[in-house]
Protein chains: 2
Amino acid sequence: MNKELLHIKLVRELIAFIASGKYEDGVRLPAERKLCEQFNVSRGTVRQGLYDLEKLGILKIKPGSGAYVQKISQKKLPAHLLPLDFANVTFSDIIYARKAIETAAITLACEKINAHQIEELRQLTEKMEQAKDNLLEFLKLDTQFHQLIIHASGNMPLVTAFASIAEYHKYSQVFSSLYESEIHTAINFHKKMLSALNDHNVKNAVKAIIKHLEHTEQITKSAKQKNIFV
Amino acid sequence: MNKELLHIKLVRELIAFIASGKYEDGVRLPAERKLCEQFNVSRGTVRQGLYDLEKLGILKIKPGSGAYVQKISQKKLPAHLLPLDFANVTFSDIIYARKAIETAAITLACEKINAHQIEELRQLTEKMEQAKDNLLEFLKLDTQFHQLIIHASGNMPLVTAFASIAEYHKYSQVFSSLYESEIHTAINFHKKMLSALNDHNVKNAVKAIIKHLEHTEQITKSAKQKNIFV
DNA sequence: CCACATTGGTATATTAAATATACCAATTTA
DNA sequence: TAAATTGGTATATTTAATATACCAATGTGG
């Protein structure tokens, strides 16, 4: 058994942090002392992590100024820095696995979901409509929506399984611009899921979630996206 | 972020180790120095882990003699010692999730499986027949068989998802005695899966794996088993 | 029954990871 | 240009984990 080094854990967190933001155009990371608070580690550990990321070419550290993100999309990350094996993962693989897990989950959720959860889903769709222009926010809400359905299934193994898939999703997600019409379509699928869950209509719920995932897959395929972790 | 303490990791490993063996009747664990080799940690770490388990009432340590397993089935384990949330997990939940994941996996595997993998599966079924009397060995081979199918799917997210399910399975599995007829039935299902995979017959493969999992569920339900981690 | 090997119990020195603090020089900001 | 902020460096301390050695109690084989 091996010790888990804290700065390696931090590197993984930072990669996820960078990947879930705008990373292309030389954005500056929070100052080292801020990162200490944010991740609750000492400055020495933060500096080790940043040094590793600079060695990988992901960061350019400028003394007295800050750490600036380099073009991460062109980098290759060594496997041991990733929590999962990304070598042979396509977006379609993730969608396929999500279909399997989420279909099973929404089937259970149709029986077990309660009024409070329905209300939460309704509020999420509302927020999604308001977040049409904020892609990052929109995707965050989308993830929350799906997680809530999984939890509503009451099946912990499915929750765990989905969490591991979500980890892939988080890392591999490259944020291309979604057109307004596509966001609109996505919101409509969520409304259909919500309506079906409310009616305890398994057939419609499954249909809606599958269509939604296939739509997501199509968008991603048509965009000129690559997995940033090759 | 917190440091991962090695002896806590070891405690989890030991719980799984104990749970996957005969733990009821005061069996003696391997000597501390053996455990050091087995888990590749120092004796100090092993002793910390054993001390924790004794505090939990899972072990009774006798100086000069060894560490003896107590009736673990009556113990409650604190959540932080478990890698997953077992509070609300039934065996049926695990089977339900496995159905979702393994059905998706075997569908892909039917297309993608190669001759080498088929041969490996064949050898596993052979070994299973030879291990009819060794329940632990039999279950180990069963797990290997299923893992190989998932890998043959070539879908890494499914592999990850299944691994998280397997973690539940490992911990929650309470080994009641399987009757010979049940082992025989299980082997037959594996042969059907193998045959269907060999013929690239998706329909039969899915049918076989679902029947197999439902059979496993029935056996477990009929036995007087409780989840040991409540 | 006895000699010897094995087992858990204890103590100690050492290594390495992570923390905590302080101070410097370069950069940024007001 | 003065003050604040930033990365760079050095050092002392704490703690997890290792590595060794030795003891007393237990177990084992002749």
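Note that the structure is a prediction, hence the values are computed from the model and not measured.

Once that is clear, we can look at the protein's contact with DNA strand C. Taken together, 25 residues lie around DNA strand C, and A:L6, A:S42, A:T45, B:R43 and B:R47 are the ones closest in. Here the atoms of DNA strand C within 4 Å of the protein split so that 70% fall in sugar or phosphate, with bases taking the remainder. The contact in question runs from a sugar or linking oxygen of DNA strand C to an N or O atom on the backbone of B:S65, over 3.3 Å. Elements with a contribution of two residues or more to the surface near DNA strand C: α1 (6-19) and α3 (43-55) of chain A together with α2 (32-39), α3 (43-55), β1 (59-62) and β2 (66-69) of chain B.

Here we come to the protein's contact with DNA strand D. Around DNA strand D lies a shell of 25 residues, among which A:R43, A:R47, B:L6, B:S42 and B:T45 are the nearest. Protein-adjacent atoms of DNA strand D, using a 4 Å cutoff, are sugar or phosphate at a proportion of 71%. One nitrogen or oxygen atom from the main chain of B:L6 is found 2.3 Å from a phosphate oxygen belonging to DNA strand D. In the environment of DNA strand D, a phosphate oxygen lies 2.5 Å from a nitrogen or oxygen atom belonging to the side chain of B:T45. Breaking the surface near DNA strand D down by element, the ones donating at least two residues are α2 (32-39), α3, β1 (59-62) and β2 (66-69) of chain A together with α1 (6-19) and α3 of chain B. Counted by class, the surface near DNA strand D contains eight nonpolar, eight polar and nine charged residues.

All names here are of chain A. For the coordinates displayed, the defined rule picks out two cavities of 30 Å³ or more. Listing elements by their share of the lining of the second largest cavity, those giving two or more residues are α6 (135-152) and α7 (156-172). In terms of residue class, the lining of the second largest cavity is made up of three nonpolar, three polar and two charged.

Time to look at the environment of A:R43. All names here are of chain A. Looking at the secondary structure, you find R43 in helix α3. Given the relative accessible area of 35%, R43 is considered partly exposed. Each C-alpha atom, one on R43 and one on R33, is 6.5 Å from the other, the two residues being 10 residues apart in sequence. The contact partners of R43, leaving out residues within four places of it in the chain, are E32, R33 and C36. Within the structure, the side chain of R43 is placed 3.0 Å from the side chain of E32, a separation counted as a polar contact.

Reading the values: the criteria
- Residues numbered from 1 in each chain as written.
- Chains lettered and ligands numbered in written order.
- Predicted model: local features only at pLDDT ≥ 70, side-chain atom pairs only at ≥ 80, totals over all residues.
- Heavy atoms only, no water.
- Near = heavy atom within 4 Å.
- Polar contact = N/O pair within 3.5 Å; in protein donor to acceptor, adjacent residues only side chain to side chain.
- Helix = DSSP H or I, 4+ residues; strand = E, 2+ residues; numbered from the N terminus.
- Nonpolar A, V, L, I, M, F, W, Y, C, P; charged D, E, K, R; others polar.
- 1 Å grid on protein atoms, 1.4 Å probe; cavity = no way out; pocket = protein on both sides within 12 Å on 5 of 7 lines; lining within 4 Å.
- Points joined across faces, edges and corners; volume = space filled by probe spheres on them.
- Buried < 20%, exposed > 50% of the residue type's maximum accessible area, 1.4 Å probe, protein only.
- Contact = heavy atoms within 4.5 Å.

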